[in-house]
Amino acid sequence: MDLFLEIIKAEYVEEYKLRLFFNNGVVKVVDLQPSLVGEIFMPLKNIDYFKQFSIKFNTVEWENGADFAPEYLYALEDAA
């Protein structure tokens, strides 16, 4: 049975990188800087704002509603 992919924990690493812990046991570091395109992601270019994420609805989310699908984050190359 396939798991519904979820992020269960996230940690700030540096710059625009997050360490993500997935519910299937995979842990990876992703660099989100190239993904910060579009109006909703503009506030995240402020590194202090970027650091203020939380886990909501199975993924990382910011106060302005910006988020990334867990499947998208899982598919990103590990930047560790």
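Data block above holds the structure.
Not measured: the values here are computed from a predicted model.

What counts, and at which threshold
- Residues numbered from 1 in each chain as written.
- Predicted model: local features only at pLDDT ≥ 70, side-chain atom pairs only at ≥ 80, totals over all residues.
- Heavy atoms only, no water.
- Core = buried A, V, L, I, M, F, W, Y, C linked by side-chain atoms within 4.5 Å.
- Buried < 20%, exposed > 50% of the residue type's maximum accessible area, 1.4 Å probe, protein only.
- Helix = DSSP H or I, 4+ residues; strand = E, 2+ residues; numbered from the N terminus.
- Contact = heavy atoms within 4.5 Å.
- Phe/Tyr/Trp six-rings, centres within 6.5 Å; stacked < 30°, edge-to-face > 60°.
- Lys NZ or Arg CZ within 6 Å of the ring centre and 35° of its normal.

Trainee: Which residues make up the nonpolar core, and what values go with them?
Mentor: Judged by nonpolar contacts, the single largest core of 20 residues is most densely connected at Leu18, Leu20, Leu32, Val60, Trp62 and Leu73. Those elements that provide at least two residues to this core are β1 (7-14), β2 (17-22) and β5 (59-62). When neighbours within four sequence positions are excluded, Leu20 is seen to be in contact with Ile7, Lys9, Ala10, Val26, Val27, Lys28, Val30, Val60 and Leu73.

Trainee: Kindly report on the packing of aromatic side chains, identifying the contributing residues and their values.
Mentor: How two aromatic rings sit relative to each other is given by the distance of their centres and the angle of their planes. Here the structure, examined in full by the defined rule, presents 8 aromatic pairs. Between Phe22 and Tyr74, the aromatic rings sit 5.0 Å apart at their centres with planes inclined by 85°, giving edge-to-face as the arrangement. Here Phe22, found in strand β2, pairs with Tyr74, found in helix α2 (residues 70-75); they are 52 residues apart in sequence, far enough to count as distant. Every member of this aromatic cluster is reached through a ring pair, and the members are Tyr12, Tyr16, Phe41, Phe50, Phe53, Trp62, Phe68 and Tyr72. Against the face of Phe21 rests Lys9, its NZ or CZ located 5.0 Å from the ring centre. The ring of Tyr74 has Lys28 sitting right over it, with the charged end atom 5.3 Å from the ring centre.

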